[in-house]
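# Overview (structure and organization)
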Amino acid sequence: MIDNFTEIYNHVLAILNAKLPSYLTYHNTNHTLYILENAIYIAHKENVSKPDLYLLKIAALFHDTGFIYSYDTHEEKSCEIAKNELKKFNVSNEDISTICNIIRATKVPQNPKTLLENILADADLEYLATTNFKKVGDKLFEELKHFKPQTTRKKWNATQIKFIKNHHYHTSFCKHYKEHRKQKNLNLLLKL
């Protein structure tokens, strides 16, 4: 396995910056970089090997590229893009398959099966357990309003409450360190 992550990173960021629609106030390049950072952090806490970390980082980069073409089926579109683009970087079919499985693990409701899938799934929704929860949620609300202009703040808060109540983290690290903060954010929503 050749570690050509820097080249892949630059290539994917160029695609995202050029092609993601401007109405994506949440699922944008900054979101991808944040998820990449979280995935790396959680991977270190979960003692992921260097070869597995390489695959995880690539999956994190590609996980929302599908938003270029589709909102509802973006995970599958992200896999299609990853398959096409990663061949240019001589990534093996076996590794591409693993990367696509990791990407698919972010689809809600999440059902990850491997450690790498667990990590990206948790990294993708880590914001639920941060002090930036409201700020990030507001960006997602604005994005949603592009598709459903009739959505009110009250409906959005109800959606978030239901989502958080049904959500659970998958990695040992997030179960131990993130669940409590997520519950605090849920309580803040319930007070509204």
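Residues numbered from 1 in each chain as written. Predicted model: local features only at pLDDT ≥ 70, side-chain atom pairs only at ≥ 80, totals over all residues. Heavy atoms only, no water.

### Overview of the packing of aromatic side chains
Following the criterion strictly, the structure yields 9 aromatic pairs and no others. Here the aromatic rings of Phe173 and Tyr177 are separated by 5.0 Å at their centres, their planes lie at 35°, and the arrangement is tilted. With a gap of 4 residues between them, Phe173 and Tyr177 both fall in helix H9 (residues 172-177), about one helical turn apart. Each residue in the set Tyr23, Phe67, Tyr71 and Phe147 is aromatic and connected to the rest through ring pairs, giving one cluster. Here Lys57 stacks its cationic end above the ring of Phe5, 4.4 Å away from the centre of that ring. (Phe/Tyr/Trp six-rings, centres within 6.5 Å; stacked < 30°, edge-to-face > 60°. Helix = DSSP H or I, 4+ residues; strand = E, 2+ residues; numbered from the N terminus. Lys NZ or Arg CZ within 6 Å of the ring centre and 35° of its normal.)

### A few points about the nonpolar core
In summary, soluble globular proteins display a tendency toward joint burial of nonpolar side chains. With 57 residues, the main nonpolar core has Ile8, Leu56, Phe62 and Leu86 as its most contacted residues. For this core, the element with the most residues is helix H3 (residues 50-62), which contributes 9 residues. The residues touching Leu56, leaving out its near neighbours within four places in the chain, are Ala39, Ala43, Ile102, Leu116, Ile119 and Leu120. (Core = buried A, V, L, I, M, F, W, Y, C linked by side-chain atoms within 4.5 Å. Buried < 20%, exposed > 50% of the residue type's maximum accessible area, 1.4 Å probe, protein only. Contact = heavy atoms within 4.5 Å.)

### Remarks on the packing of helix H1 (residues 5-19) against helix H2 (residues 29-45)
Running from N to C, H1 and H2 cross one another at 150°; their axes reach a closest spacing of 10 Å. The orientation of H1 relative to H2 falls into the category roughly antiparallel. Contacts from Phe5, Tyr9, Leu13, Leu16 and Asn17 of H1 reach H2 at Thr29, Thr32, Leu33 and Leu36. Tallied by class, residues from the contact of H1 with H2 come to 6 nonpolar, 3 polar and no charged. (Axes fitted to C-alpha atoms, helices over the stretch in contact; angles between N-to-C directions. Parallel < 35°, antiparallel > 145°, perpendicular 65-115°, else oblique. Nonpolar A, V, L, I, M, F, W, Y, C, P; charged D, E, K, R; others polar.)

Treat this as a map of the structure, not an account of what it does.
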